[in-house]
Amino acid sequence: MATQPHGEQPQLPIPGVQHLIAVGSGKGGVGKTTVAVNLAVALAGLGYKAGLLDADVYGPNVPLMMGIQETPHAVDDIIQPLEQYGVRLMSMGFLSPGDKPLVWRGPMLHSVIQQFLRRVNWGELDYLIIDLPPGTGDVQLSLIQTASISGAIVVTTPSDVSLEDARKAVNMFGQVRVPILGMVENMSYLTCPHCHERIDVFSTGGGRRTAEQMGVYFLGELALDPAVRIGGDSGNPITLKDSGDPHAAAYFQMARDVVRRVAEVGQESGPSIEVTD
Ligand SMILES: Nc1ncnc2c1ncn2[C@@H]1O[C@H](COP(=O)(O)OP(=O)(O)OP(=O)(O)O)[C@@H](O)[C@H]1O
Ligand SMILES: [Mg+2]
């Protein structure tokens, strides 16, 4: 059994789910959902049983980015997840479609997240990716403190403001003793479509540097490219393209790295955490 941060609730595993992986960042808009969606689709493409839990209850973007908007049904009060591109999915966006904002307070948020974790029939999964909302507040802590998370991925851009918030996210996971699988630098650079030169829109090298300074594994750079945004907006994640596509290839490489890192941090944490290959 994993450790109990602050002596609070035990961090319980989800039956049937081998590994929970949280994708977070201090800052909004850096590409968490894009990374979470493409990671889940890439893992499914590699033959793993993958799920994606959209824990952004206020601003759920997973339905749009996965190109599915249906209402899940419940059997004996257990919600059946939807499935798209081989990934099992749950999002507040499936239960409350439309653009009306949800105004919920801490305890209600806590209960929604708990229900998404424990009252959804996730079945047997190798990896359940959790797309966290931006920040280091209640939702993140509520989730992290009650579920046994194998590791976290921190997404940043190379800009100083994003890196500052990424450090906060690394520290938050550290405080609740969730191992960091790695830091990803998204929107690292743009390749000029005309002269093919690299343009460092948000500066360069900050993700790798920050990861090194904090003793965190660096999962690599992901380019800024309209094709990635179009994939997200159209519900066709870039990882649906074959590995000849450079962006898809980068995500598949990251997915393999994440699988390896999960096994590594599992071994570091001791034999109580089950490791799959
Ligand atoms: N590498 C990229 N290249 C181009 N566009 C990108 C890239 N990564 C993300 N985007 C786009 O940037 C926008 C923000 O990305 P995304 O929603 O994934 O960020 P987020 O961190 O989840 O945001 P939030 O904090 O609001 O949840 C989206 O329109 C997405 O398509
Ligand atoms: Mg998001």
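The present account deals with the structure reproduced in this document.

Definitions and cut-offs
- Sequence order as written defines residue numbering, which begins from 1 separately in each chain.
- Both sets of labels track the order of writing: A upward for chains, 1 upward for ligands.
- This being a predicted model, a pLDDT of at least 70 is required before a residue's local features are given, and a value of 80 or more before pairs of side-chain atoms are given or counted; all residues contribute to the totals for chains, interfaces and linings.
- Derived side-chain values reflect all non-hydrogen atoms in the structure, with water molecules and hydrogen atoms excluded from consideration.
- Remark: exposure states derive from per-residue accessible area (1.4 Å probe, protein chains only) relative to the maximum for the residue type, with buried under 20%, exposed over 50%, and partly exposed in between.
- Per the convention used, a helix needs a DSSP run of H or I reaching at least four residues, while a strand needs a run of E reaching at least two, with both numbered from the N terminus.
- Two strands pair under a simple rule: DSSP has to find at least two bridges between them.
- In this analysis the probe radius is 1.4 Å and the grid spacing 1 Å, with only protein atoms considered; a cavity is a set of points the probe fits into but cannot get out of, a pocket is an open set with protein on both sides within 12 Å along at least five of seven lines, and lining residues have an atom within 4 Å of a point.
- Grid points are joined across faces, edges and corners, and a volume is the space filled by probe spheres set on the points.
- Only Asp, Glu, Lys and Arg are considered charged, only Ala, Val, Leu, Ile, Met, Phe, Trp, Tyr, Cys and Pro nonpolar, and every remaining residue, Gly among them, polar.
- To obtain an axis, a line is fitted to C-alpha atoms, over the contacting stretch when the element is a helix, and the angle between two such axes runs from 0 to 180 degrees between their N-to-C directions.
- Every residue pair with non-hydrogen atoms within 4.5 Å of one another is taken to be in contact.
- One fewer than the residue count of a helix, multiplied by 1.5 Å, yields its expected span.
- Whether a residue is near a molecule or strand is decided by its heavy atoms; if any one of them lies within 4 Å of it, the residue is near.
- Identification of polar contacts relies on pairs of N or O atoms within 3.5 Å, with a donor-acceptor requirement for protein atoms, meaning one able to donate a hydrogen and the other able to accept it, and with residues adjacent in sequence counted only if both atoms are side-chain atoms.
- The Shrake-Rupley method, run with a 1.4 Å probe sphere, supplies the accessible areas, and residue values consider only the shown protein chains as cover.
- Whether a molecule sits in a cavity or pocket is decided by its atoms, more than half of which must lie within 2 Å of the grid points.

For the rest of this paragraph, the subject is the pairing of strand β6 (residues 87-91). Every other side chain in a regular strand lies on the same face of the sheet, so the side chains alternate between the two faces. The buried fraction of β6 amounts to 4 of the 5 residues, a majority that puts the element mostly inside the structure. Bridge count between strand β2 (residues 50-54) and β6: 5 bridges; the pairing is parallel. When the sheet's bridge partners are listed, Gly51 is paired in β6 with Arg88. For strand β5 (residues 82-84) and β6, the ladder comprises 3 bridges, and the chain directions are antiparallel. Bridge pairing links Glu83 to Arg88 in β6. Counted between consecutive antiparallel strands, the loop separating β5 from β6 contains 2 residues, among which Tyr85 sits at a positive phi close to 50°.

For the rest of this paragraph, the subject is the pairing of strand β7 (residues 125-131). A large share of β7 lies buried, amounting to 7 of its 7 residues. Two strands pair when backbone bridges link them, and strand β1 (residues 17-24) and β7 are joined in this way by 6 bridges, in the parallel orientation. If you follow His19 over to β7, its bridge partner there is Tyr127. Both β2 and β7 contribute to a ladder of 5 bridges, which runs parallel. Bridging across to β7, Gly51 finds its partner in Leu128.

Glancing now at the layout of surface pockets. The gaps left among the atoms become clear once a water-sized probe is rolled over them. Each pocket or cavity is described by its volume, and for the largest pocket that value is around 390 Å³. Lining the largest pocket are 21 residues, with Gly29, Gly31, Thr34, Met65 and Met187 sitting closest to its centre. When contributions to the lining of the largest pocket are tallied by element, the ones reaching two or more residues are α1 (32-45), α2 (62-66) and α8 (226-233). Among the elements that make up the lining of the largest pocket, the one with the highest residue count is α8 (4 residues). Per-class residue counts for the lining of the largest pocket are 8 nonpolar, 8 polar and 5 charged.

Judged by pairing direction, the sheet is mixed, and its 8 strands sit side by side in the order β5-β6-β2-β7-β1-β8-β9-β12 without closing on themselves. In this open sheet, the two edge strands, each paired with only one partner strand, are β5 and β12 (218-221). Neighbour-to-neighbour, the strand axes of this sheet turn through a mean angle of 25°, independent of strand direction. Across the sheet, helix α7 (residues 206-214) touches β8 (151-156), β9 (180-185) and β12, and the angle it forms with β9 is around 155°.

Here the focus is α1. Here α1 contains 14 residues, and its C-alpha end-to-end distance of 20 Å stays within 8% of the 20 Å for a straight helix at 1.5 Å per residue. Burial analysis of α1 places 13 of its 14 residues in the buried class, which makes it a mostly covered element.

As a matter of local geometry, ligand 1 sits amid 17 residues, with Lys32, Thr33, Thr34, Asn186 and Ala223 nearest to it. Here an oxygen atom of ligand 1 sits 2.9 Å away from a polar atom, N or O, in the main chain of Gly29. Here ligand 1 loses 82% of its free accessible area of 630 Å² to cover by the protein chains. With respect to the pocket detection grid, ligand 1 is positioned in the largest pocket. Of all the elements in the fold, those that place two or more residues in the shell around ligand 1 are α1 and α8. The greatest single-element share of the shell around ligand 1, amounting to 3 residues, is contributed by α1.

When you line up the elements, Thr210 lands in helix α7. Residues contacting Thr210, with those up to four places away along its chain left out, are Leu163, Arg167 and Met183.

As far as function goes, none of this settles anything; it's purely spatial.
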